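Below, each chain spelled out in residue letters.
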Amino acid sequence: SAFAPHQAAHAAAGWRIHLVEANFGPRGYPEPMFPGPDGLLLRGKIDRVDRHDDHGFMAVDYKTGSSVDSPRKAHQSGSNWKDLQLPLYRFLLDSIDLPVSPSGLGYVLLPPDSLHTGFHLAAWQEKDMASAMEAAREIVEVITSGNLLSLIEGESS
C-alpha cells in the first residue's frame, strides 16, 4: 500500500510496464556474449522494464530489504565499481534493442520504513556506464584467461 501512490504517479506521468522478470537465459531471451565473441555468456533476470513514449525505457530492480542505499552508493565506492548489476542490465536490454539511458537505471525500494518507498533512479551519465563496462571487461578478461588469482589479489589490495 505504501508503493501504490508512487506507482500511480509513475503511470500518470506516462510510464507503462513493458516487461516483468525479463529472463536472459535458456528459457528467455538469448544470452548475449560479453564483451565480445571471446567473452562470456551473460545471463540475468531484470525485475521490471518500463516504457515512456518520450523518455524511452527504464530498468528497475525491486529491493525489499531494510537497506535504502541509492543505486550509486550500492554500485560504486568513489570512482570504483563494486557492483555491476544495473549497468549489466543495460547491456542485456541493449542486446534486444531496448536502449536505457544511464539515468533510467535504478531501484523500486520497498523497505520496512515506508518513508523510503518508491522509485530511486541513478544519476549516472554515459561516462559512468563506460567505466562500468570497462570494469566488467577486465573481470571477464581475468576469468577467460584462467588467472583468477589476480582477481582475488586485486580485491585484497
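Everything below is about the structure printed above this text.
Residues numbered from 1 in each chain as written. Predicted model: local features only at pLDDT ≥ 70, side-chain atom pairs only at ≥ 80, totals over all residues. Heavy atoms only, no water.

Peer 1: Quick one: what's the story with the nonpolar core, residue by residue and with numbers?
Peer 2: Grouped together as the largest cluster of nonpolar side chains are 29 residues, with contacts concentrated most on Phe34, Ile46, Leu88, Leu93, Leu105 and Trp124. Counting residues per element, this core draws most heavily on helix α3 (residues 85-94), at six residues. When residues no more than four places from it in sequence are discounted, the contact partners of Trp124 are Pro71, Arg72, His75, Gln76, Trp81, Leu86, Pro87, Pro102, Ser103, Leu105 and Met129. Core analysis: the second largest hydrophobic core is formed by five residues, Trp15, Met58, Val60 and Val108 among them. (Core = buried A, V, L, I, M, F, W, Y, C linked by side-chain atoms within 4.5 Å. Buried < 20%, exposed > 50% of the residue type's maximum accessible area, 1.4 Å probe, protein only. Helix = DSSP H or I, 4+ residues; strand = E, 2+ residues; numbered from the N terminus. Contact = heavy atoms within 4.5 Å.)

Peer 1: Tell me about a nonpolar patch on the surface, and name the residues and values.
Peer 2: A surface patch of nonpolar side chains, about 200 Å² in accessible area, is lined by Leu40, Ile139 and Ile143. Structurally, Ile143 is set in helix α4 (residues 126-145). (Patch = residues over 30% accessible without salt bridge, like charges linked within 9 Å, V, L, I, M, F, W, Y side chains within 5 Å. Areas by Shrake-Rupley, 256 points an atom, 1.4 Å probe, with all protein chains shown as cover. Salt bridge = Lys/Arg side-chain N within 4 Å of Asp/Glu carboxyl O.)

Peer 1: Break down unusual backbone geometry for me, citing the residues and quoting the values.
Peer 2: For the peptide bond that leads from Phe34 to Pro35, omega is -5 degrees, which places it in the cis range. The backbone of Glu21 sits at a positive phi, close to 50 degrees, despite the residue not being glycine. Inspection of the secondary structure assignment puts Glu21 in strand β1 (residues 16-24). Not every positive phi belongs to a glycine, and Asp97 is a case in point at roughly 60 degrees.

Peer 1: Go over the sheet that holds strand β5 (residues 56-63) with me, naming the residues and quoting the values.
Peer 2: The pairing of strands in a sheet happens through backbone hydrogen bonds and is either parallel or antiparallel. Strand order in the open sheet made by the five strands is β1-β4-β5-β8-β9, with mixed pairing throughout. If you trace the sheet from one side to the other, it starts and ends with β1 and β9 (118-121), each paired once. Averaged over all neighbouring strand pairs, the angle between strand axes comes to 35 degrees, with direction disregarded. Relative to strand β4 (residues 44-52), β1 runs antiparallel, the two sharing seven bridges. Each residue of the ladder has a partner; that of Arg16, found in β4, is Arg51. Packed on one face of the sheet, helix α1 (residues 4-12) meets β1, β4, β5 and β9 and runs near 60 degrees to β9. (Pairing = 2+ DSSP bridges. Axes fitted to C-alpha atoms, helices over the stretch in contact; angles between N-to-C directions.)

Peer 1: Outline the pattern of salt bridges, supporting the account with residue identities and numerical values.
Peer 2: Taken as a whole and assessed by the stated rule, the structure comprises seven salt bridges. Residues Asp61 and Lys63 are paired through a salt bridge, measuring 2.9 Å at the closest nitrogen-oxygen approach. The class of Asp61 is buried, set by a relative accessible area of 5%. Salt-bridge contacts for Lys73 lead to Asp69; the nearest nitrogen and oxygen are separated by 3.8 Å. Using a relative accessible area of 51% as the deciding quantity, one classes Lys73 as exposed. By relative accessible area, Asp69 is classed as partly exposed at 30%.

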